[in-house]
Amino acid sequence: MSHRKFSAPRHGHLGFMPKKRSKRHRGKCKSFPKDDPKKPVHLTAFLGYKAGMTHIVREVNRPGSKVNKKEIVEAVTVIETPPMVVVGVTGYIETPRGLRTIGTIWAEHLSEECRRRFYKNWYHSKKKAFTKYAKKWQDDDGRKVIERDFNKLIKYCKVIRVLCHTQMKLMNQRQKKAHLMEIQVNGGTIADKVNWAKEHLEKQVPVSSVFMQDEMLDVIGVTKGKGFKGVVSRWHVKKLPRKTHKGLRKVACIGAWHPARVGFGVPRAGQKGYHHRTEVNKKVYRVGAG
């Protein structure tokens, strides 16, 4: 029987398997902070665009560390966050199989950049999205239906989320199609949340009303794509010795004879980058006025 000369920890984390391209280009919030009714009504997330990076110099307060009481240089990311526009409210009820939406109420006026999101090809389309829905707001019968829907949310829902979109026109970007996102509203009673959402329809929400300086956040996004990569780049396994037959940037043994198949955790070549990732505990050093 063959055996390895030296034992070593495995290369690569199995928690991030399968390493495949992300389904979505915009990061998705898969869970929101726990709701506390004692706090005032507030949003729990925000969309931003990476503008670039810079660095800061700070003093470390970490007793026992070599760098304690010393200054270090740290990399920081600059994120551009134009105010988001609230364009809808959706309510969820609790079922034995989790949350289920019971209705979405949209605002009367949706900007062009928001409506572009509902089309693959805006240029060739008739641009009629939400034209019939907007008429609800204009006559008395329609307003009664909308009011009834708001009351239904207050009566039955356990979770209230608002639909917000980014403002692409405020940024120096080629894209004109806004990104739309559901953001959970926390704090206060359900009636408070629905009333807050109702008041903020078609209004802008600045990032300063959601996050403050020195707050710790989680950042969600899709990593930079690197294409199809071999095992050395993708899993950081060791290169084989120089004289190896048929290449050395390989894994020498991909498993035992039995079980007679390749295990899922064995490093193989494939996609690297463009994965959906969440980075926890990022500190906000400054919220600029823009």
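About the criteria used
Residues numbered from 1 in each chain as written. Predicted model: local features only at pLDDT ≥ 70, side-chain atom pairs only at ≥ 80, totals over all residues. Heavy atoms only, no water. Helix = DSSP H or I, 4+ residues; strand = E, 2+ residues; numbered from the N terminus. Rg over C-alpha atoms; globule rule 2.2 N^0.38 Å. Buried < 20%, exposed > 50% of the residue type's maximum accessible area, 1.4 Å probe, protein only. Areas by Shrake-Rupley, 256 points an atom, 1.4 Å probe, with all protein chains shown as cover. Lys, Arg positive; Asp, Glu negative; His and termini not counted. Charge placed at Lys NZ, Arg CZ, Asp CG, Glu CD. Pairing = 2+ DSSP bridges. Axes fitted to C-alpha atoms, helices over the stretch in contact; angles between N-to-C directions. Contact = heavy atoms within 4.5 Å. Polar contact = N/O pair within 3.5 Å; in protein donor to acceptor, adjacent residues only side chain to side chain. Phe/Tyr/Trp six-rings, centres within 6.5 Å; stacked < 30°, edge-to-face > 60°. Lys NZ or Arg CZ within 6 Å of the ring centre and 35° of its normal. Expected span 1.5 Å × (residues − 1).

Enquirer: Looking at this structure, how should I read the overall build of the protein chain?
Expert: When helices and strands are tallied, the protein chain shows five helices and 12 strands. Computed over the C-alpha atoms, the radius of gyration of the protein chain is 25 Å, more than 25% above the 19 Å expected from 2.2 N^0.38 for a compact globule of 290 residues. The principal-axis extent of the C-alpha atoms belonging to the protein chain is close to 85 × 55 × 45 Å. The burial tally for the protein chain puts 32% of its 290 residues in the buried class. Here the protein chain displays about 20700 Å² of accessible surface, and carbon together with sulfur accounts for 53% of that area. When the 64 basic and 23 acidic side-chain charges of the protein chain are each reduced to a single mean position, those positions are 18 Å apart.

Enquirer: What's the story with the pairing of strand β2 (residues 49-59) in this structure? I'm lost.
Expert: Along a regular strand, successive side chains alternate from one face of the sheet to the other. A small share of β2 lies buried, amounting to one of its 11 residues. Two strands pair when backbone bridges link them, and β2 and strand β3 (residues 71-80) are joined in this way by 10 bridges, in the antiparallel orientation. When the sheet's bridge partners are listed, His55 is paired in β3 with Ala75.

Enquirer: Help me understand the packing of helix α3 (residues 140-156) against helix α4 (residues 190-200) in this model?
Expert: When two helices pack together, their arrangement is given by the angle between the helix axes and the distance between those axes. Interaxial distance between α3 and α4 falls to 9 Å at its minimum, and their mutual angle equals 145°. Contacts between α3 and α4 involve Glu147, Phe150, Leu153 and Ile154 from the first element and Ile190, Ala191, Val194 and Lys198 from the second.

Enquirer: Would you explain the environment of Tyr119 in this entry?
Expert: Topologically, Tyr119 is positioned in the loop between α1 (112-115) and α2 (131-134). Considering only alpha carbons, one finds Tyr119 and Gly15, 104 residues apart in sequence, at a separation of 36 Å. Filtering out sequence-adjacent residues up to four positions away, Tyr119 remains in contact with Ser125, Lys127, Lys128, Ala129 and Lys177. A polar side-chain atom of Tyr119 sits 2.9 Å from the main-chain amide nitrogen of Lys128.

Enquirer: Can you walk me through the pairing of strand β4 (residues 84-95) in this structure?
Expert: Of all 12 residues in β4, 10 are buried; the element is thus mostly enclosed. Note: β4 against strand β8 (residues 204-205), two bridges, orientation antiparallel. In the sheet register, Val85 faces β8, and the bridge partner there is Gln204. For β4 and strand β6 (residues 159-165), the ladder comprises seven bridges, and the chain directions are antiparallel. Bridge pairing links Gly88 to Leu163 in β6.

Enquirer: Where do I start with the packing of aromatic side chains in this structure?
Expert: In this structure the tally under the stated criterion is five aromatic pairs. With 5.9 Å between their ring centres and 80° between their planes, Trp106 and Phe118 make a pair best called edge-to-face. With Trp106 in strand β5 (residues 98-106) and Phe118 in the loop between α1 and α2, this residue pair connects regions lying 12 residues apart in the sequence. For the ring pair Tyr119 and Trp122, a centre distance of 5.4 Å and an interplane angle of 70° mean the geometry is edge-to-face. Since its relative accessible area comes to 10%, Trp122 is described here as buried. Joined through ring pairs, the aromatic side chains of Trp106, Phe118, Phe130 and Tyr133 make up one cluster. In this structure, Arg161 packs its charged tip against the face of Tyr92, placed 4.7 Å from the ring centre. Sitting above the plane of the Phe150 ring, Lys198 keeps its charged end 5.0 Å from the centroid.

Enquirer: Would you mind going over the side chain of Ser22 with me for this structure?
Expert: Looking at where Ser22 falls in the secondary structure, it is placed in the segment before β1 (42-43). Taking relative accessible area as the criterion, Ser22 reaches 14% and is therefore assigned buried. A distance of 2.7 Å separates a polar side-chain atom of Ser22 from the backbone oxygen of Arg24.

Enquirer: Honestly, α3 in this entry has me stumped. Any pointers?
Expert: Since the α-helix advances by 3.6 residues per turn, residues separated by three or four positions end up pointing in the same direction. Its 17 residues give α3 an end-to-end C-alpha distance of 24 Å, which sits within 8% of 24 Å, the value for a rise of 1.5 Å per residue. Where α3 is buried, its residues touch β4, β5, β6 and α4.

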